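The primary structure of each chain is shown beneath.
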Amino acid sequence: MGREHVGQGEIARFAQDRVNLPKEIADAHRAQANRLREKLEGYLREHPDFTLKKMLLSGSLAKGTALRSLNDIDVACYISGADAPTDIQALLDYLAKRLRKAFPNFSPDQVQPQTYSVTVSFRGSGLDVDVVPILYSGDPNWYGNLVSQDDGSFLKTSIPLHLAFAAKRKKAQEKHFAQVVRLVKFWARRMKAERDGFRFKSFMIEMVLAKLCDDGLDFADYPEALQHFFTYLARTELRQRIVFSDYYSPSIVSSLSDEVQIVDPVNSANNVARLYTAANADAITEAALDAGDAIDAALAAPTKQLTLAYWQKVFGSSFQV
């Protein structure tokens, strides 16, 4: 009964109105990041020995999973050269100095080192671009050592391979995979605001949904896909290892003692959930149980008012039909 009141169409409209970053804004953000990249590429052509080798749009904007609340964008900057520091703060200062040299029209205060990145601020648009350094040694697949946003350690990664990983799932379920990712990220953002100590980073959400995609879940039915996601979390309590075979054999992943194990699809030695404790996993499981129960009740509710009330338990009061 509840589907008569709130179904695929209503959730898709809610996503369009409240969840998704509007296309025109996403395009403007990408264009601004691309201008930054093109300026660097022009400088590189004139200065082939310059240590900044490549800039790539990364994160949710690059993968098409950005929320309406996006207020900055992520760009990876590949740095090559024996003189590049391996101390984090020194590396960020090094990167900031070279960005200022590559973009002389920016004032020094528009290029500022942060904890794990360098922020480039555009005065016209008010947009911030977070430039994350990657130490690069010439690998053809663009593997390098990234400064991790989790704890500031160096982490082997490849931005192009990560983007290809996401693109493969988006191609398998055109439009719908990215949309369900955005809906779950919206839910998680609400849980973080409402529940003390709740944490569930976007990359982990993407990996759980990528696993469900690979397992054959049809993302085209949003209520069903969301229910499967929450059921998976409730059933496994996030204690079931997730690993992919796109770039390495799962058999090479070593035994881990971490409570939650979601293995980086481009680096078999990196558990992206290594900092998540039993308490973190239990909080996610509890929130998923509540969301799953609410969707079950919504799908069976006899009236529009009740159906709406149950869906609001998942998405908050901004969910209206």
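Coordinates for the structure precede this section.
Residues numbered from 1 in each chain as written. Predicted model: local features only at pLDDT ≥ 70, side-chain atom pairs only at ≥ 80, totals over all residues. Heavy atoms only, no water.

### Quick word on unusual backbone geometry
Note the threshold: Only DSSP runs of H or I with at least four residues qualify as helices, and only runs of E with at least two residues qualify as strands; both kinds are numbered from the N terminus onward. Under the scheme applied here, a residue whose accessible area is under 20% of the maximum for its type counts as buried, over 50% as exposed, and between as partly exposed, the area being computed with a 1.4 Å probe on protein chains only.
Located in the positive-phi region is glutamate 237, a residue other than glycine, with phi close to 55°. Positionally, glutamate 237 belongs in the loop between helix 9 (222-236) and helix 10 (278-300). Phi is positive for leucine 238, close to 60°, though the residue is something other than glycine. Examined against the element boundaries, leucine 238 turns out to sit in the loop between helix 9 and helix 10. By relative accessible area, which is 3% here, leucine 238 ends up buried.

### Comments concerning helix 8 (residues 202-214)
Every α-helical turn comprises 3.6 residues, leaving residues that sit three or four positions apart pointing alike. In plain terms, the rule: Helix span is expected to be 1.5 Å times the residue number reduced by one. Here, residues are in contact when the closest pair of their heavy atoms is within 4.5 Å.
With 13 residues, helix 8 extends 18 Å from end C-alpha to end C-alpha; this agrees with the ideal 18 Å at 1.5 Å per step. Counting buried residues along helix 8, eleven of its 13 residues qualify, which places the element largely inside the surrounding structure. Every buried residue of helix 8 is accounted for by Phe203, Met204, Ile205, Glu206, Met207, Val208, Leu209, Ala210, Lys211, Leu212 and Cys213. For helix 8, the secondary structure elements touched by its buried residues are helix 4 (59-63), helix 6 (159-172), helix 7 (176-194) and helix 9. Just past helix 8, the residue glycine 216 takes up positive phi, approximately 105°.

### Some remarks on the packing of helix 2 (residues 8-19) against helix 7
Threshold: Axis definition: a line fitted to C-alpha atoms, limited for helices to the stretch in contact. Angles are taken between N-to-C directions and run from 0 to 180 degrees. These descriptions rest on fixed angle ranges, namely under 35 degrees for roughly parallel, over 145 for roughly antiparallel, 65 to 115 for roughly perpendicular, and the rest for oblique. Here a crossing is called left-handed whenever its near helix is offset anticlockwise from the far helix by less than a right angle, and right-handed whenever the offset is clockwise. Only Asp, Glu, Lys and Arg are considered charged in this grouping, and only Ala, Val, Leu, Ile, Met, Phe, Trp, Tyr, Cys and Pro are considered nonpolar; every other residue, Gly among them, is considered polar.
Relative orientation of the contacting elements helix 2 and helix 7 amounts to 65°, with a least axis distance of 11 Å. Comparing the axis directions of helix 2 and helix 7 gives the class roughly perpendicular. Here helix 2 and helix 7 pass one another in a crossing that is left-handed. Every residue of helix 7 that contacts helix 2 at Ile11, Phe14, Ala15, Arg18 and Val19 is listed here: Gln179, Arg182, Leu183 and Phe186. Looking at the contact of helix 2 with helix 7 residue by residue, the class counts come to six nonpolar, one polar and two charged.

So yeah, pure geometry; function would need other evidence.
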